[in-house]
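# Survey of secondary and tertiary structure
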Amino acid sequence: MRKLQVYLNDIRLCQQPSNEKTEIIEFAQLVYLAKSKSFLKKMFRYQNVILWCNDFNDLPTPFLSLCICRLMTFGRCKWINANGKVRKVGICRLTCMAYEYLKDKLTYKKHIYEIQQEIDKLAVIQQERSRLCLKKKPLYLRLDLTWGLVAGGSVGHIAGVVNNLNKICKSPIFVSTDNVPTIQANIKKYIIKEKIPFRNVTGVSAYMGNLVTYPIIKEIIDNDEIAFIYQRSGLDIYAGVKAAIEYNLPYVLEYNGSEIWCEEHWGNNQLRYVDLAKKIERLTFEKADLITCVSRPLKEQLVEMGIQADKIMVNPNGVDPDKYRPDIDGRKVRKKYGIEEAAIVIGFIGTFGAWHGAELLASAYVNVVKRNKNIHLLMIGDGLKLSEVKENLQELEPSQYTLTGLIPQVQGPEYLAACDILVNPTVPNPDGTPFFGSPTKLFEYMAMGKAVVASGMDQMQEVLEQGRTALLVEPGNVLELEEALNKLVEDKELRCTLGINARKQVCEHYTWEIHTKKIIDKLIEIMER
């Protein structure tokens, strides 16, 4: 019989299988399986089952999730966190959890009603404009219910802003539901460990999270001098704006896109209490003194919703050029994966999302390697499109490419240093709506002083200049991507020229320090009106 390991968010938690009899799947795959007809065939088919998570409190619908795991084996079923603490999943535990499950189901609607009443009251409060005093501390809030952050654009953005608030203002206080890698050690952090209530009820955890996070924010404000609140936007999160209203503090909202919009356009409309979610989102927009967003389409989206344009700033992502720089040695990475020193390495880093275009790079590389023998593909990361990437590369020899899996954010520069050409093959939104992203990888590539190939669309066209800082290709055009890669593989001088120009451009315009200073300058301007 086979063994099963299920992981929530971070595959690195899993034990490395000693043989092919161990199956490893993501938690989302387990949920999909449980909802399918084939689940009956999987019942009691595994020798044992292990469910891995960063923290016991971060498991969605814990009772049902553990019931599913228990039903898949007659053998041992374990629930293990990142610290190695083990909870056995048996009748006794499930019986206790069943009581909490029933209690959650019977009582959560009362709290939803109270939240609805609270949002309506907050919406009609009229405030006098508060004064901004930068001798006090910024309060940065990252309150979305996502745990196990290791790497990715959000990690880079959060750390970039927090670390540079530390340079520009008084040292900030960082409040988060999880640790965020690469935030400086000298910054005061409050990591929320309290259990989020009603986790057994699908789709209401974020609403209920406010009940836990607001008292913590209130205590911090009561015991420290706060200059302003900086809130990273998230679905159903209102604790930050509530604190700003009640304490009459300046409120900065970082807006990276609407999860409600994404669900309505690209999802299955499975959000619960959508009207309440929209009210919360609207409240954060209207009460914000300043909204900072990473792209022009996001600002246009907000203006179309009736939000006043003069309090919205477009501020693309950035990079720390002291961490991402050309003199970093990538030879250890090459040695680790058996990549020859003389090979020309084409690289990509990302979470393999639907818009990243990783699968297109894999398709293009298959033809590029037929023309150029001394090359190697290094794809760094993991995610949704990894299976498609593997499928597109299957005709190649394993020695011709490397898929590293997820790596910690702090190791990113060393891995990029192992590359000669870096690719950002972003694809357009499938429904034709404007691409509203600002790829953090793009600025990291530029800072490394490497030759960049990127899709010629939206913000990439604004940041990069064809033939001077990068080669731009038609989005989704595999043939053009092949041609650009061939050109750079065969022209070392062009690679060097593009890399030097890109580094200069990013250092002059797109560092996290510049990004953060623009926010503070705009906030000062608004508060002095």
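Right above here is the structure, for reference.
Our subject in this report is the structure included herewith. (Residues numbered from 1 in each chain as written. Predicted model: local features only at pLDDT ≥ 70, side-chain atom pairs only at ≥ 80, totals over all residues. Heavy atoms only, no water.)

## Notes on the nonpolar core
Formed by 68 residues in total, the largest nonpolar core has its most connected members in Ile 346, Tyr 365, Leu 393, Ile 421, Val 453 and Leu 485. Of the residues forming this core, the biggest block, eight residues, is contributed by helix H12 (residues 358-371). Excluding residues that lie within four positions of it along the chain, Val 453 makes contacts with Ile 421, Leu 422, Val 423, Asn 424, Leu 471, Val 473, Leu 481, Ala 484, Leu 485 and Leu 488. One finds Met 208, Phe 285, Ala 288 and Leu 298 within the second-largest nonpolar core, a separate group that totals 52 residues. (Core = buried A, V, L, I, M, F, W, Y, C linked by side-chain atoms within 4.5 Å. Buried < 20%, exposed > 50% of the residue type's maximum accessible area, 1.4 Å probe, protein only. Helix = DSSP H or I, 4+ residues; strand = E, 2+ residues; numbered from the N terminus. Contact = heavy atoms within 4.5 Å.)

## Points about the packing of aromatic side chains
As enumerated under the stated definition, the model contains 11 aromatic pairs in all. Centre to centre, the rings of Phe 44 and Phe 74 are 4.2 Å apart; their planes meet at 10°, and the pair counts as stacked. In this pair, Phe 44 sits in the loop between helix H2 (39-42) and strand S3 (46-52) while Phe 74 sits in the loop between helix H3 (62-70) and strand S4 (77-80), placing the two residues 30 residues apart along the sequence. Among the residues examined, Phe 44 registers a relative accessible area of 27% and is labelled partly exposed. Judged by its relative accessible area of 69%, Phe 74 is exposed. (Phe/Tyr/Trp six-rings, centres within 6.5 Å; stacked < 30°, edge-to-face > 60°.)

## Overview of the sheet that holds strand S2 (residues 22-26)
Strand pairing within a sheet occurs via backbone hydrogen bonds; the two strands may be parallel or antiparallel. Pairing within the open sheet is mixed, and its five strands lie in the order S2-S1-S3-S4-S5. The strands lining the two open edges of the sheet, one partner per strand, are S2 and strand S5 (86-88). For this sheet, the mean angle separating the axes of adjacent strands, direction not counted, is 20°. As judged from the four bridges shared by S3 and S4, these two strands associate in the parallel manner. Counterpart to Val 49 in the pairing with S4 is Cys 77. Packing of helix H1 (residues 27-35) onto the sheet brings it into contact with strand S1 (2-7), S2 and S3, and relative to S2 it is tilted by some 90°. (Pairing = 2+ DSSP bridges. Axes fitted to C-alpha atoms, helices over the stretch in contact; angles between N-to-C directions.)

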